[in-house]
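What follows is the residue order along each chain.
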Amino acid sequence: MRQSDPCRISRERFMPDPEQTLAPDLEQLTARHLRRTRRTVEQGARLPFANVDGRQLRVFCSNDYLGLAHDPRLAEAMADAARLWGVGSGAAHLVTGHTEIHHCLEAELAEFTGRERALLFSTGYMANLGLISALAGRRDLIVEDRLNHASLIDATRLCGARVRRYCHGDSAAADARLDAAAGERRLIVTDGVFSMDGDTAPLSDLARVAALRDAWLIVDDAHGLGVMGKNGRGSLEVHGLGPDDVPGLMGTLGKAFGAFGAFVAGSHALIETLIQHARTYIYTTAPPPAVAAAARRALQIVQDESGRRDHLAALIKRFRDGASSLGLRLMPSASPIQPLLVGDPGQALAASQWLYERGFWIAAIRPPTVPVGSSRLRVTLSAAHRTGDVDDLLEALSRCPALEIGG
Ligand SMILES: *Cc1c(COP(=O)(O)O)cnc(C)c1O
């Protein structure tokens, strides 16, 4: 019977069994403490809380820095727009998917960032891929920070340009890379606030290098916009830089803005170039108009309610003061991303698990997301936290056995 089934025979002969083929890699990841798992969030709580496995946890690893994701005003804007416009956009922006709501959001983002135009993308990952590959190809040179976000690393790899990475935050090294290599078009590409370290790029120095070396500085400010700067205009506001210094600015709407999606802001010519050439813009369905409506509401709140940033800044200071007096291994960060360095991935995982059992949710970040030997607890703070939440976290950290506590 078996032998008379020709499909069966050819399958056994030619197709390796996926279970057997894939299992060793997965087992190895588990053994090396590098296996990634998900926790499922249950309904019924909002930041700073989340329900998991029937228990309420306090969350210290979300990117919802201003506590806007659960804001009823965003939910209302989204629901209203969904009723008026439907759920799906139905097509790409260049077909029938580009609505008035998207268009208004783009105009408002352009104004917020002080640029001629802005262009919405479905995600930040796609914005980076589209932006970099529309600007650079085989004949061009890209110089980028070693610790750039994975989406920028992938974008520079995929676009076919020559890529030189420089030591984290080292503008002199960026300068040397540009000096040593040619390229018809030359880009310096960096995160504004680094996603896993929380520190900021030396943007003023990089802007000087770019001007001197005839390069364009491109900044991904996914973690800066909405949070950094007095008016929430991000890392560029902190450094007093404008469109002439940084011709390409990328921002996301799924972090401080509490919504979803991303954008690139720049000159008329840059945005028009992206509309013509950015494949991740052209060949994908436009985000739902209701998502854009929620983002518009968030943008208003980001501008109107600076008290959220003040509260967040006070929490950051409280956490850093407390953690340093406990001797915890802080990193040099002024942003809501406040990682505690652990080193070994197994130990980082153990610390995360110990805290989980005591009601705190803090992700252990391990390679390849961060360099080998620099596994960490990536603590993030949000305006949704109260002072007492930070104090409770510090108290728990002071007792956490897997954390190396010094002085
Ligand atoms: C989160 C993030 C992205 C990706 O944005 P998504 O909208 O989540 O796809 C890009 N760059 C940086 C620095 C980020 O932190």
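Okay, so let's go over this structure. (Residues numbered from 1 in each chain as written. Predicted model: local features only at pLDDT ≥ 70, side-chain atom pairs only at ≥ 80, totals over all residues. Heavy atoms only, no water.)

1. Regarding empty space enclosed by the protein
One pass over the structure, following the stated rule, counts three cavities of 30 Å³ or more. Along its surface, the largest cavity is lined by Leu-105, Leu-120, Phe-121, Leu-253, Phe-260, Gly-261, Ala-262, Pro-287, Val-291, Ala-292 and Ala-295. Looking at the lining of the largest cavity, the elements with two or more residues in it are strand 4 (117-121) and helix 13 (289-304). Top element by residues in the lining of the largest cavity is helix 13. It accounts for three residues. When grouped by side-chain class, the residues that make up the lining of the largest cavity number ten nonpolar, one polar and no charged. (1 Å grid on protein atoms, 1.4 Å probe; cavity = no way out; pocket = protein on both sides within 12 Å on 5 of 7 lines; lining within 4 Å. Points joined across faces, edges and corners; volume = space filled by probe spheres on them. Helix = DSSP H or I, 4+ residues; strand = E, 2+ residues; numbered from the N terminus. Nonpolar A, V, L, I, M, F, W, Y, C, P; charged D, E, K, R; others polar.)

2. A few points about the pattern of salt bridges
Opposite charge on two side chains lets them pair, provided their charged atoms get close. Counting across every chain of the model gives 21 salt bridges. Across the pair Asp-389 and Arg-58 runs a salt bridge whose closest N-O atoms are separated by 2.8 Å. Taken together, the residues span a long stretch of sequence, with Asp-389 in helix 16 (residues 387-399) and Arg-58 in strand 3 (residues 55-59) at a distance of 331 residues. Of the two residues examined, Asp-389 and Arg-58, each falls in the buried class. Here Arg-296 makes a salt bridge to Glu-108, at a shortest N to O gap of 2.6 Å. Of the two residues, Arg-296 sits in helix 13 while Glu-108 sits in helix 5 (residues 100-113), which places them 188 residues apart along the sequence. (Salt bridge = Lys/Arg side-chain N within 4 Å of Asp/Glu carboxyl O. Buried < 20%, exposed > 50% of the residue type's maximum accessible area, 1.4 Å probe, protein only.)

3. As for helix 5
Taking 1.5 Å as the rise per residue, helix 5 with 14 residues should run 20 Å; its terminal C-alpha atoms sit 20 Å apart, in good agreement. Along helix 5, the residues classified as buried are Ile-101, His-102, Leu-105, Glu-106, Leu-109, Ala-110, Phe-112 and Thr-113. The inward-facing, buried residues of helix 5 abut helix 3 (72-85), helix 4 (93-97), strand 4, strand 9 (248-252), strand 10 (262-266) and helix 13. Once helix 5 finishes, Gly-114 follows within two positions and takes phi at roughly 70°, a positive value. (Expected span 1.5 Å × (residues − 1). Contact = heavy atoms within 4.5 Å.)

4. Things to note about the site of the ligand
Taken together, 14 residues form the shell around the ligand, and within it Gly-124, Tyr-125, Asp-220, His-223 and Lys-255 come nearest. Here an oxygen atom of the ligand and a side-chain polar atom of Lys-255 are 2.6 Å apart. In isolation the ligand has 380 Å² of accessible area, and contact with the protein removes 82% of it. Residue assignment for the shell around the ligand shows that the elements contributing at least two residues are helix 6 (124-135) and strand 9. The biggest single contributor to the shell around the ligand is helix 6, with three residues. Here the shell around the ligand is built from residues that sort into three nonpolar, eight polar and three charged. (Near = heavy atom within 4 Å. Polar contact = N/O pair within 3.5 Å; in protein donor to acceptor, adjacent residues only side chain to side chain. Areas by Shrake-Rupley, 256 points an atom, 1.4 Å probe, with all protein chains shown as cover.)

5. Some thoughts on the packing of aromatic side chains
All chains considered together, the criterion is met by three aromatic pairs. Ring centres of Phe-112 and Phe-257 lie 6.3 Å apart, and the angle between their planes is 90°; this geometry places the pair in the edge-to-face category. Taken as a pair, Phe-112 in helix 5 and Phe-257 in the loop between strand 9 and strand 10 lie far apart in primary sequence, 145 residues in all. On the accessibility criterion, Phe-257 (0% relative accessible area) is buried. Ring centres of Phe-121 and Tyr-281 lie 5.5 Å apart, and the angle between their planes is 65°; on these two criteria the pair is classed as edge-to-face. A residue pair is termed long-range when its members are at least 10 positions apart, and Phe-121 in strand 4 and Tyr-281 in helix 12 (residues 279-282) qualify at 160 residues. Comparing Phe-121 with Tyr-281, the two get one shared label, buried. Seen from the ring of Tyr-356, Arg-55 lies directly overhead, with NZ or CZ sitting 5.1 Å from the centre. The ring of Trp-354 has Arg-358 sitting right over it, with the charged end atom 3.8 Å from the ring centre. (Phe/Tyr/Trp six-rings, centres within 6.5 Å; stacked < 30°, edge-to-face > 60°. Lys NZ or Arg CZ within 6 Å of the ring centre and 35° of its normal.)

Take it as geometry only, folks, not as evidence of what the structure does.
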